[in-house]
Amino acid sequence: QVQLVESGGGLVQPGGSLRLSCAASGSIRIIYGMYWYRQAPGTGRELVASITSGEATNYADSVKGRFTISRDNTKNTVYLQMSSLKPEDTAVYYCNALIQTSSVFTNYYWGQGTQVTVSS
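Residues numbered from 1 in each chain as written. Predicted model: local features only at pLDDT ≥ 70, side-chain atom pairs only at ≥ 80, totals over all residues. Heavy atoms only, no water.

*Asks:* Teacher, can you tell me more about the side chain of Arg-71 here?
*Replies:* Summarising the element assignment, Arg-71 is placed in strand β7 (residues 67-72). Here Tyr-32 takes part through its backbone oxygen, which lies 2.7 Å from a polar atom of the side chain of Arg-71. A distance of 2.8 Å separates a polar atom in the side chain of Arg-71 from a polar atom in the side chain of Asn-73. Sequence-distant contacts of Arg-71, that is, excluding residues within four places in its chain, are made with Ile-31, Tyr-32, Gly-33, Met-34, Ile-51, Thr-52, Ser-53, Glu-55, Thr-77, Val-78 and Tyr-79. (Helix = DSSP H or I, 4+ residues; strand = E, 2+ residues; numbered from the N terminus. Polar contact = N/O pair within 3.5 Å; in protein donor to acceptor, adjacent residues only side chain to side chain. Contact = heavy atoms within 4.5 Å.)

The structure is reproduced here in structure tokens:
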């Protein structure tokens, strides 16, 4: 069993910052890619940022220059540092990871989501 638990969401004013964390636990052999998605009301889930096991990163155009994804492999944790937040960043943020749990099984796992609200 694998669990991903997010933390760090909340209410912030426009222009403010937040840092999201997502810790993976359970029967983990290897964590490959780690991802942050978000979903605003009435919209589909959007990939915001990704980081490979070699720490190559990629970002959606809407967050480039404002968000930074990073990971700590000693803690099986991925972070999303969000700065210069805008009201349109308001969404539920989900982490996702590709995890090998045995010699024959690798799968994507999701966290439960954390709400980020940007409002004055």
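*Asks:* Would you explain the sheet that holds strand β3 (residues 18-26) in this entry?
*Replies:* The strands making up a sheet are joined through hydrogen bonds of the backbone, oriented either antiparallel or parallel. Read across the sheet, four strands follow the order β1-β3-β8-β7 without closing on themselves; strand pairing throughout is antiparallel. Since the sheet does not close on itself, it has two edges, and those belong to β1 (2-7) and β7, each with one partner. Pairs of neighbouring strands in the sheet enclose a mean axial angle of 15°, with direction left out of account. Across six bridges, β3 lies against strand β8 (residues 77-82) in antiparallel orientation. Bridging from a neighbouring strand, Arg-19 pairs with Gln-81 of β8. (Pairing = 2+ DSSP bridges. Axes fitted to C-alpha atoms, helices over the stretch in contact; angles between N-to-C directions.)

*Asks:* Quick question: what am I supposed to make of the pattern of salt bridges here?
*Replies:* For side chains of opposite charge, pairing can occur when their charged atoms come near one another. In this structure the tally under the stated criterion is four salt bridges. The partner of Arg-38 in a salt bridge is Glu-46, with the nearest N and O atoms 2.9 Å apart. Judged by its relative accessible area of 7%, Arg-38 falls in the buried class. Its relative accessible area of 30% is what places Glu-46 among the partly exposed residues. Residues Asp-89 and Arg-38 are paired through a salt bridge, measuring 2.9 Å at the closest nitrogen-oxygen approach. (Salt bridge = Lys/Arg side-chain N within 4 Å of Asp/Glu carboxyl O. Buried < 20%, exposed > 50% of the residue type's maximum accessible area, 1.4 Å probe, protein only.)

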